[in-house]
Structure formats: C-alpha cells, structure tokens
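Close look at the chain arrangement
So you can see what is in the structure, the chains are spelled out below.
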Amino acid sequence: MKFTMKARHFPYEEKIRAFARKGYEVPPRRLLKSEKDVEGIRRSAAINMAALDAVAARIGVGMSTAAIDRIVHETTVSLGGVPAPLGYEGFPRSVCTSVNDEVCHGIPSENVILKDGDIVNVDCSTVYQGYYSDSSRMFLIGDVSAERRRLVEITKECVEIGIEQVIPWHVLGDMGAAVHAHARKHGYSVVRDVGGHGCGKEFHEDPFVSYVAAPGTGMLMVPGMVFTIEPMVNMGSDEIWIDDDNGWTIHTDDGLPSAQWEVQILVTETGHELLSW
Ligand code: MF3
Ligand code: CO
C-alpha cells in the first residue's frame, strides 16, 4: 500500500529550530511534556501537596524528623503514591528534612528532635503512575528569631520572583539571575553547586537549574517544559560541605542557617502554571 503521511510534528518545532540556529540552548524533545503528561504530574502533585499539608498540620516543638518521615510516608501511600526519595540512589527515607544549618538532603532521624527556634525544610517528592512531583516548604518551630524568620521570608520571595520570570521564549538564566539578585539585595548568598532540575517523567531530568546564573544564559523556556525552582539561600557564605558519614546531608560551611522553598512549574504558551508547591 502506498500512502503519504505528514511528518509527526511536536509543537513549536520550527520555532525551536529557529532559536537553535541563533545559538540558543534549546530543550530536546523528550523534555517537553504533553497534555497527558501534565495531567499525570498534576495528579502526582496533588498527593505530594497533601503530604506537605499533613506535615504542616502536625509539625511542632518536640517532634522528631523521623515522625515527619512517617507522616509523609503514610499520607503518600494512603493516596496511592510512592515517596520518590525512598531508595533513590540509596536514600534511606521517604522525605528530606533539613534543619537550620542543613542546606538540603537531611535524613529524617529519631535523634533529631525539633526545638523552639528551629527552621526546617521538608522536601517532598512523589511518584504516581510514573509521574514525578517535587516541592518543599519551610516550617518555623515555636518562637523563631526575627533574623531567621527574615531568611525564610526572603527565600520565599526569591521563589516568587523566580516564578514571575518563567516566561515562554525567555531563557532560564533570566529567572536564576532574578532569584540571585533578590537574595543578594538582602545580604544573603545562594548555593551554587546544588540547583533545580527538570522533573516529571523522571525525578531528576535536564536541565540543571541554577539560581546564580547570568541573565541571557541557559536553556530557552519552551511551553511544555517542567522544572523546579528551589534556591537554597544562606544567611552567610555560599560555601557548603557534605556529610561523608551519611553521604547525603549538605551543611553550610560557616554553620549559619540556610532556607529553601521549592515549587515545580510548567512553562505554558502564555506564562506558567504551578504544578506543585
Ligand atoms: N527532593 C530533592 C530535590 O528537590 C531531591 C532529594 S534526592 C533524595 O531535588 F534522594 F535525597 F531524596
Ligand atoms: Co527538586
């Protein structure tokens, strides 16, 4: 049989090629999510956010970070999801809990008891029917100093400012630079060596998303891309070290606190849509 068939296009194929010819770094096709993919990520994110909501309802002075892990695990599983961190490259728990000078990848423990004045990041990731979601929030434990509250608040503003810069056909560096500028304006530093990532069909996809990027650099933001905005903002220097004993937990070098909020965001034709927060 003879037949003619139109080549299967993906949206914006020609427009992306034109940007590539001009020297832009453009996303490979596999990073562009279909409407079906986005719907899958939304369902995964609903579970992810429910787990964070369950933590928010119960977290407080005297709770261990292992108890946070149990809340996340039970909520996620009861809704049909799987906690993405559990067993990921050997990670032993279902969520990351990073307290005070811990920058990220804190491992929940019975021995870490939240105390008055702590700030803690709870970083939750879910896989549901093959689709990944990822977001994190900060929690203030008891009576937190004004200095620490300000760090948490400004870090949230950094994410909000980054979100505003998610504009189709702009580049990721514009977003990262805006995040960095806001942190610096308040006397804070932003971690360079750990960043965000594409997320959806896998836990961690390209591109690496920097929050210390130069404007005008980085990958073109094309409708259908899904990635995280998750700057780690340090009260002091941006120097960090990794705990060799557990192979995961990253700390600030100067021992000063670090804060992080994370959202997962979709680039749309007209702007963006938050998928998980
Ligand atoms: N949720 C983290 C992120 O935002 C990744 C943690 S990897 C883990 O990218 F194994 F520690 F869970
Ligand atoms: Co992430």
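Residues numbered from 1 in each chain as written. Chains lettered and ligands numbered in written order. Predicted model: local features only at pLDDT ≥ 70, side-chain atom pairs only at ≥ 80, totals over all residues. Heavy atoms only, no water.

Further remarks concern the overall build of the chain. Scanning the chain from N- to C-terminus turns up 5 helices and 15 strands. On C-alpha atoms alone, the chain measures out to a radius of gyration of 19 Å, which is about the 19 Å that the 2.2 N^0.38 rule sets for 277 residues. The principal-axis extent of the C-alpha atoms belonging to the chain is close to 70 × 45 × 30 Å. Considering only contacts within the chain whose residues lie at least 6 apart along the sequence, 71% involve residues at least 24 apart. (Helix = DSSP H or I, 4+ residues; strand = E, 2+ residues; numbered from the N terminus. Rg over C-alpha atoms; globule rule 2.2 N^0.38 Å. Contact = heavy atoms within 4.5 Å.)

The strand order 3-12-11 describes an open sheet built from 3 strands, whose pairing is antiparallel. Here the strands that pair on one side only, and so sit at the sheet edges, are strand 3 (102-104) and strand 11 (240-242). Direction aside, neighbouring strands of the sheet carry axes that sit 40° apart on average. One ladder, built from 3 bridges, connects strand 11 with strand 12 (residues 250-252); its direction is antiparallel. Looking at strand 12, one finds that Ile242 is bridged to Ile250. (Pairing = 2+ DSSP bridges. Axes fitted to C-alpha atoms, helices over the stretch in contact; angles between N-to-C directions.)

Bringing the site of ligand 1 into the picture now. Neighbouring residues of ligand 1: 14 residues in total, closest Pro85, Asp123, His197, His204 and Glu230. Between ligand 1 and the protein, one listed contact pairs a nitrogen atom with a side-chain N or O atom of Asp123 at 3.0 Å. Between His197 and ligand 1, the recorded distance is 3.0 Å, taken from a side-chain N or O atom to an oxygen atom. Burial of ligand 1 by the protein chains amounts to 96% of its free accessible area of 330 Å². Counted by class, the shell around ligand 1 contains 6 nonpolar, 4 polar and 4 charged residues. (Near = heavy atom within 4 Å. Polar contact = N/O pair within 3.5 Å; in protein donor to acceptor, adjacent residues only side chain to side chain. Areas by Shrake-Rupley, 256 points an atom, 1.4 Å probe, with all protein chains shown as cover. Nonpolar A, V, L, I, M, F, W, Y, C, P; charged D, E, K, R; others polar.)

For the cobalt ion (ligand 2), the full set of protein donor atoms is Asp134 (OD), His197 (NE2), Glu230 (OE) and Glu262 (OE), at a range of 2.1 to 2.3 Å. Considering all 6 donor atoms around the cobalt ion (ligand 2), the spread of angles at the metal, 52 to 159°, places the coordination shape in the irregular class. One chain supplies every donor to the cobalt ion (ligand 2), and in sequence these donors are spaced D-x62-H-x32-E-x31-E. Within this pair, whereas Asp134 is found in strand 5 (residues 131-140), its partner Glu230 is found in the loop between strand 9 (226-229) and strand 10 (232-234), the two being separated by 96 residues in sequence. (Donors = N, O, S within 2.8 Å, 3.2 Å for Na, K, Ca; no water. Tetrahedral: all angles 85-135°; square planar, octahedral: opposite > 155°, others 65-115°.)

The next thing to look at is helix 5 (residues 172-185). In this model helix 5 runs 20 Å from its N-terminal to its C-terminal C-alpha over 14 residues, within 8% of the 20 Å that 1.5 Å per residue would give. Among the 14 residues in helix 5, 10 count as buried, and that is most of the element. Along helix 5, the residues that are buried comprise Leu172, Gly173, Met175, Gly176, Ala177, Ala178, Val179, His180, His182 and Ala183. Among the structural elements, helix 4 (146-164), strand 6 (189-190), strand 8 (205-209), strand 9 and strand 10 are those in contact with the buried residues of helix 5. Gly187 sits one or two residues past helix 5 and shows a positive phi near 85°. (Expected span 1.5 Å × (residues − 1). Buried < 20%, exposed > 50% of the residue type's maximum accessible area, 1.4 Å probe, protein only.)

Quick look at the pattern of salt bridges now. With the rule as written, the count across this model stands at 12 salt bridges. Of the charged contacts, one joins Lys201 and Asp37 as a salt bridge, the two residues approaching to 3.4 Å between their closest N and O atoms. In this pair, Lys201 sits in the loop between strand 7 (196-198) and strand 8 while Asp37 sits in helix 2 (residues 35-58), placing the two residues 164 residues apart along the sequence. Of the residues examined, Asp37 reaches a relative accessible area of 7% and is grouped as buried. Ionic pairing is found between Asp53 and Arg137, a salt bridge with its closest N-O pair at 2.9 Å. Here Arg137 lies in strand 5 and Asp53 lies in helix 2, a separation of 84 residues in the sequence. Each of Glu35, Glu39, Arg42, Arg43 and Glu273 takes part in one network of salt bridges that share partners. (Salt bridge = Lys/Arg side-chain N within 4 Å of Asp/Glu carboxyl O.)

Bringing the environment of Met221 into the picture now. Position of Met221 among the secondary structure elements: in the loop between strand 8 and strand 9. Along the backbone, Met221 and Gly271 are 50 residues apart, and their C-alpha atoms lie at a distance of 9.9 Å. In this structure, Met221 is in contact with Gln165, Val166, Ile167, Pro168, Trp169, His170, Val171, Leu172, Phe227 and Val267, ignoring residues within four places of it in sequence.

Coordinates in, geometry out; function isn't part of it.
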